[in-house]
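Residues per chain, in single letters:
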Amino acid sequence: MEQRISLVTLGVSDVARSRAFYEALGWRGQEVEETVFFQAGGLGLVLWGRDKLARDCGLTGGAAGGFGGIVLAHNVRSDAEVDALLAAAQGAGATVSKPAATNAIGFYSGAFVDPDGHAWEIAHNPGFPLAEDGSLTIPDFGTLQG
């Protein structure tokens, strides 16, 4: 696994309120399907409904001690890499919380929880291409919608 984080997704109780908060701090985001994306240097910060985010990783939402409201995402270049990294994580002591599968919007991902309970999504999403150095750039969703 390359040493990097592609996206940090924060599970929030009110996406509009959270977007307003970050924009009040000077951040500028794009909202697509009740999900807000911010370019944050070489990574993306994402705001998504807490319960939706938990379900997406095969977890149950709730108070501290369970799902903590954040999922670290590691994007890769192929579906096979998703499978390999999930297997490697499990071999290292992680629990696979969501086996890899193609989701409703067409990208392939799975999720694991590390031994301390931190959730990681491993994803191959051709719509979020990776540079040679592994950096990710959030696409301009305005040009993708017709």
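In what follows, the accompanying structure is described. Computed from a predicted model, the values in this text were never measured in an experiment.

1. Overview of unusual backbone geometry
- For E33, which is not glycine, the phi dihedral falls at a positive 50°.
- Summarising the element assignment, E33 is placed in the loop between β2 (29-32) and β3 (35-40).
- Positive phi values are uncommon outside glycine, yet E34 reaches one of about 60°.
- In this structure, E34 sits in the loop between β2 and β3.

2. A closer look at the layout of surface pockets
- The computed volume of the largest pocket comes to approximately 740 Å³.
- Residue lining of the largest pocket: 28 residues in total, with F37, N103, I105, F107 and N125 positioned closest to the centre.
- Only β1 (7-12), β3, β4 (43-49), α2 (50-56), β5 (70-75), β8 (119-124) and α4 (141-144) provide two or more residues apiece to the lining of the largest pocket.
- For the lining of the largest pocket, the leading source of residues is β5, giving three residues.
- Taken together, the residues that form the lining of the largest pocket break down as 17 nonpolar, eight polar and three charged.

3. Let's talk about the pairing of β5
- Counting buried positions along β5 gives five out of six residues, so the element sits mostly inside the fold.
- Pairing of β5 with β8, which is carried by five bridges, proceeds in the parallel orientation. Paired with V71 across the strands is A119, a residue of β8.

Parameters and conventions
Residues numbered from 1 in each chain as written. Predicted model: local features only at pLDDT ≥ 70, side-chain atom pairs only at ≥ 80, totals over all residues. Heavy atoms only, no water. Helix = DSSP H or I, 4+ residues; strand = E, 2+ residues; numbered from the N terminus. 1 Å grid on protein atoms, 1.4 Å probe; cavity = no way out; pocket = protein on both sides within 12 Å on 5 of 7 lines; lining within 4 Å. Points joined across faces, edges and corners; volume = space filled by probe spheres on them. Nonpolar A, V, L, I, M, F, W, Y, C, P; charged D, E, K, R; others polar. Buried < 20%, exposed > 50% of the residue type's maximum accessible area, 1.4 Å probe, protein only. Pairing = 2+ DSSP bridges.

Take it as geometry only, folks, not as evidence of what the structure does.
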